[in-house]
Amino acid sequence: MPASVDASPSFEDSGDTSRFCVRWLLNPGQVPQENCCLTITAGVVEKIGACRAGDRIQPLAVIPPLVNAHTHFEFSSLQQPFSAAGTFPDWIGRVLAWRGQVTQEQSERIRAGVQESRTAGVRLAGDILTGSHAATDLSAWQGIAAVLFREVIALTPERFAGQLSDLHQHLRTVSASAASNEPLVAGISPHAPYTVHPQVLEKLVRLSCQYHAPMAMHLAETAEEQELLQRGTGPFAALLQRLGVWDSRVFPGGRDPQEILEQLQPAPRCLVIHGNYLSDGNISYLARQPHLSVVYCPRTHAWFQHPPHPFRRMRQAGVSVVLGTDGRSTNPDLSIFRELQLVLRQHPDLNIQDVLGMVTTGAAEALGLPELSQPIVVGRPWRATLLRLPACSSGSVGLNEFCQDAELTVSGVDSTLV
Ligand SMILES: [Zn+2]
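What you see is a predicted model, and the numbers here were worked out from it, not measured in a lab.

Topic: the environment of His 133
Argument step 1. Relative to the assigned elements, His 133 resides in the loop between strand S7 (122-129) and strand S8 (145-152).
Argument step 2. A residue is classified by how many C-beta atoms lie within 10 Å of it, and His 133, with 21 of them, is buried.
Argument step 3. Sequence-wise, His 133 and His 170 are 37 residues apart; in three dimensions their C-alpha atoms are separated by 5.7 Å.
Argument step 4. Once residues within four sequence positions are removed from consideration, His 133 is found in contact with Asp 166, Gln 169 and His 170.

Details of the domain arrangement of the chain
Argument step 1. Domains assigned within the chain are domain 1 (12-64 + 375-417) and domain 2 (66-372).
Argument step 2. Here domain 1 and domain 2 have C-alpha centroids that lie 32 Å from each other.
Argument step 3. Listed by contribution, the elements that provide at least two residues to the side of domain 1 that touches domain 2 are strand S14 (385-388), helix H15 (399-404) and strand S15 (409-413).

Quick word on the nonpolar core
Argument step 1. Counting 112 residues, the largest nonpolar core has Ala 61, Val 62, Leu 124, Val 295, Leu 323, Val 359 and Ala 363 as its most contacted members.
Argument step 2. A per-element tally of this core places S8 first, with 6 residues.
Argument step 3. Each of domain 1 (12-64 + 375-417) and domain 2 (66-372) contributes no fewer than three residues to this core.

Here's the deal with unusual backbone geometry
Trans peptide bonds make up the majority, and among non-glycine residues the majority have a negative phi.
Argument step 1. A positive phi angle is found at Ala 42, which is not glycine, with a value near 50 degrees.
Argument step 2. Tracing the backbone through its elements, the reader meets Ala 42 in the loop between strand S3 (33-41) and strand S4 (44-50).
Argument step 3. Despite not being glycine, His 212 shows a phi value in the positive range, around 55 degrees.
Argument step 4. Mapped onto the fold, His 212 is located in the loop between helix H5 (198-211) and strand S10 (215-219).

Focus: helix H8 (residues 257-264)
Argument step 1. Those residues of H8 not exposed but buried are Pro 257, Ile 260, Leu 261 and Leu 264. Seen from one end, H8 has its buried residues packed into an arc of 100 degrees, which puts them on one side.

Definitions and cut-offs
Residues numbered from 1 in each chain as written. Predicted model: local features only at pLDDT ≥ 70, side-chain atom pairs only at ≥ 80, totals over all residues. Helix = DSSP H or I, 4+ residues; strand = E, 2+ residues; numbered from the N terminus. Buried ≥ 20, exposed ≤ 12 C-beta atoms within 10 Å, placed from the backbone. Contact = placed C-beta atoms within 7 Å. Domains from an automatic or database assignment. Core = buried A, V, L, I, M, F, W, Y, C linked by C-beta atoms within 7 Å. Arc of directions from axis to C-beta.

Here it is, written out as structure tokens:
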């Protein structure tokens, strides 16, 4: 992605007040404001109004800070995603093979993901963290706020017992040792139904309540996962057998994502990652649980060619749905705005203001850090992502093109420009 930071737009600057004019100001749920002037005084939005004659309008779209609710920065060194050929367990086999031979330090790969995300205008990310706490270099998240969900994979309570003290360490120390001025929050990620024993999940939810830590779990992602839960058969059963961790008592058949949603329900906050195959019954249950949000990852979803995601039915029912990139293991880059553009291309009847919250304010709320992405209104601290619009023959791209196709570069984030 040809993204670059351009820190040189011209603003009128007088002391601690800056006034600048932009092509669009976009806030979730509000009609886009075109050719609009913002006055920022001492880091606070003092005035928003129409441009005056003679104002130089910057080819910029100003939006609340971008948020990527779900990613795996550990894969950020990959130049292209792993092939989705075959079954989903085949894809997992490719991930496991790569993990066995990758030589670059994990912290270096995370650093690359953080840098790429910042370049794409992301201010807050929900990152899945693997490896041990002792081996984690928290300075890798320098310059970005993040909820670090430590991943737990344990198909037996005994295996989990071996990870417990490490998890306590993570939960006790991550927030306290933030290496930058951006907050880091400790979270817990039971990986998925096919890698976590139900009793382990119960313990993790208890820990989440004890530490008031948010949770994130991959759920209802594939048809193969549904088959494993419902019938105890299929490619996942074969994979677990091959790995020597199969236990038919854990997957006797007759299980359903609903039981897992109900197990997650007591957690103070939880992201249900993907939810591609959640039923109408699951969706009406989620609609009654505002602290549970679904993270739809549009390009990852397309990579695996799943049937259309039910995010519109979810939103209609009142479920909180936000977007994530997932990692570079399923996605060519970490631009959350490109996820939004894909949604708008696939659903041309939606306006950007209908969906912008899924990558800004709503996503920050889902991660439990709503203060990090707020609508841009008078009286609020000035925090924004500025997207530079590419030029075209008519001078600047139209709103539809911006929303669906435009190759954007990020001009800056929050106060770095004013
Ligand atoms: Zn994921």
